[in-house]
Amino acid sequence: MRELKMNVFETEGYAVTVEIDGSLEEYAKNLLHIFNNVREHKELKKVENHYGSNDVTVYCDAEYREETIQYLENFGKVKSYERVLMYQLSEPDYNINKYDDAIVVPDFD
């Protein structure tokens, strides 16, 4: 393993957590709906499901907090929204012929 510095874009955002209502089948369908929306909309940065609960967190740009809350209210009760600092990597420089992808694994001990 080697250590290197990378360029990132820093921005403020929100982590909006919703407790999804319904059966396991409804949960799966709603999680897929949320996941696909996060993938399609650049103002939604990340989705995280929490093991052992029906909670799902969506990370969004700060100016889209209200829209994200309103969207997630379609699936259950919004439990919280917390202000977060987000870092997005600029395009990493890696050998495209050697690797299929580059990933970042956050590890904050």
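Located above this text is the structure these notes cover.
A quick note: this is a predicted structure, and the numbers were derived from the prediction, not measured. (Residues numbered from 1 in each chain as written. Predicted model: local features only at pLDDT ≥ 70, side-chain atom pairs only at ≥ 80, totals over all residues. Heavy atoms only, no water.)

1. Side note on the overall build of the chain
- What the chain contains, in helices and strands, is 2 helices and 4 strands.
- The order of α-helices and β-strands along the chain, N terminus first, is β-α-β-β-α-β.
- Projected onto the principal axes, the alpha-carbon positions of the chain cover approximately 45 × 30 × 30 Å.
- Counting only residues that meet the buried cut, the chain has 29% of its 109 residues in that class.
- Carbon and sulfur atoms provide 48% of the accessible area of the chain, an area that totals close to 8800 Å².
- Taking the average place of the 12 positive charges on the side chains of the chain and the average place of its 23 negative ones, the gap between the two points comes to 3 Å. (Helix = DSSP H or I, 4+ residues; strand = E, 2+ residues; numbered from the N terminus. Buried < 20%, exposed > 50% of the residue type's maximum accessible area, 1.4 Å probe, protein only. Areas by Shrake-Rupley, 256 points an atom, 1.4 Å probe, with all protein chains shown as cover. Lys, Arg positive; Asp, Glu negative; His and termini not counted. Charge placed at Lys NZ, Arg CZ, Asp CG, Glu CD.)

2. Concerning helix H1 (residues 24–40)
- With 17 residues, H1 should reach 24 Å at 1.5 Å per residue; the first-to-last C-alpha distance of 24 Å fits that figure.
- Residues of H1 that are buried: Tyr 27, Asn 30, Leu 31, Ile 34, Asn 37 and Val 38. Take H1 and look down its axis: the buried residues cluster within an arc of 125°, on one side only. Across H1 from its buried face, at more than 90 degrees, point the exposed residues Glu 25, Lys 29, Arg 39 and Glu 40.
- Where H1 is buried, its residues contact strand S1 (8–20), strand S2 (44–49), strand S3 (55–61) and helix H2 (65–72). (Expected span 1.5 Å × (residues − 1). Arc of directions from axis to C-beta. Contact = heavy atoms within 4.5 Å.)

3. Remarks on a nonpolar patch on the surface
- Where nonpolar side chains cluster on the molecular surface, the patch consists of Leu 4, Met 6, Val 8, Leu 85, Tyr 87, Leu 89 and Val 104 and spans about 640 Å² of accessible area.
- Ranked by residue count, the leading element in the nonpolar patch is strand S4 (residues 76–89), at 3 residues.
- Its place among the elements puts Leu 4 in the segment before S1.
- Classification of Leu 4 by relative accessible area gives partly exposed; the value is 47%. (Patch = residues over 30% accessible without salt bridge, like charges linked within 9 Å, V, L, I, M, F, W, Y side chains within 5 Å. Salt bridge = Lys/Arg side-chain N within 4 Å of Asp/Glu carboxyl O.)

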